[in-house]
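Tertiary structure, described
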Amino acid sequence: MNTANPQLEGLYLALAAINRLLVDKGLVSHVEIQDVLQTTERAVLADDKPLSISSSHQKAVAFPIRLLLLANEAHEQGTTFCFDDLAREIGRRT
């Protein structure tokens, strides 16, 4: 196993926790987080990039964005989640 993977998992979960905190404190809404993440995801997956990158590279870059989108959705619904649950759901949706 690549040692970076657990570190990245921790980073994604930390970012999800920060997003939850921002929502819980009323600084941003779930909708605002969803909008900014979806805008970012669309930019990553856009075909108008000056440098041609592979579809698999685009999907790899989009993965953490999609994970944070799902974490935001789960928090809005009051659902608990772990990294594995979110990663599996991304696989189901793509």
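Coordinates for the structure precede this section.
The following paragraphs examine the structure supplied in this document. (Residues numbered from 1 in each chain as written. Predicted model: local features only at pLDDT ≥ 70, side-chain atom pairs only at ≥ 80, totals over all residues. Heavy atoms only, no water.)

**Observations regarding the packing of helix α2 (residues 30–45) against helix α3 (residues 55–76)**
Note the cut-off: As a rule, the C-alpha atoms of each element are fitted with a line to give its axis, helices using only the stretch in contact, and angles between N-to-C directions run from 0 to 180 degrees. Helix and strand assignments follow DSSP, with helices taken as H or I runs no shorter than four residues and strands as E runs no shorter than two, numbered in order from the N terminus. Working rule for angles: under 35 degrees goes down as roughly parallel, over 145 as roughly antiparallel, 65 to 115 as roughly perpendicular, anything else as oblique. The handedness criterion is simple: a crossing whose near helix is rotated anticlockwise from the far helix by less than a right angle is left-handed, and one whose near helix is rotated clockwise is right-handed. Contacts are assigned to residue pairs with any non-hydrogen atoms lying within 4.5 Å of each other.
At a minimum axis separation of 9 Å, α2 and α3 run at an interaxial angle of 165 degrees. On the basis of their axis angle, the class for α2 and α3 is roughly antiparallel. Here α2 and α3 pass one another in a crossing that is left-handed. Along the contact surface, α2 presents His-30, Ile-33, Gln-34, Leu-37, Gln-38, Thr-40, Glu-41, Val-44 and Leu-45, while α3 presents Gln-58, Lys-59, Val-61, Ala-62, Ile-65, Arg-66, Leu-68, Leu-69, Asn-72, His-75 and Glu-76.

**Things to note about the packing of α3 against helix α4 (residues 83–93)**
The criterion, for reference: Any residue outside Ala, Val, Leu, Ile, Met, Phe, Trp, Tyr, Cys, Pro, Asp, Glu, Lys and Arg is labelled polar, Gly included; the first ten of those are nonpolar and the last four are charged.
Orientation of α3 relative to α4, taken along the N-to-C sense of each, is 110 degrees, at an axis distance of 9 Å. For the element pair α3 / α4, the angle class is roughly perpendicular. Both α3 and α4 take part in a crossing whose hand is right-handed. Counting all contacts with α3, which are made through Phe-63, Arg-66, Leu-67, Leu-70, Ala-71 and Glu-73, the residues of α4 involved are Phe-83, Leu-86, Ala-87, Glu-89, Ile-90 and Arg-93. Looking at side-chain class alone, the contact of α3 with α4 contains eight nonpolar, no polar and four charged residues.

**Examining the pattern of salt bridges**
Rules: Should a side-chain nitrogen of Lys or Arg be within 4 Å of a carboxyl oxygen of Asp or Glu, the pair is scored as a salt bridge.
Inspection of the entire model under this criterion finds five salt bridges. Here Arg-88 makes a salt bridge to Asp-85, at a shortest N to O gap of 2.9 Å. Residue Arg-88 and its partner Asp-85 are both found in helix α4; the two are separated by three residues, about one turn of the helix. Of the charged contacts, one joins Glu-89 and Arg-92 as a salt bridge, the two residues approaching to 3.0 Å between their closest N and O atoms. With Glu-89 and Arg-92 both in helix α4 and three residues apart, this pair spans about one turn of that helix. Three or more residues joined by partner-sharing salt bridges are found here, namely Glu-73, Glu-89, Arg-92 and Arg-93.

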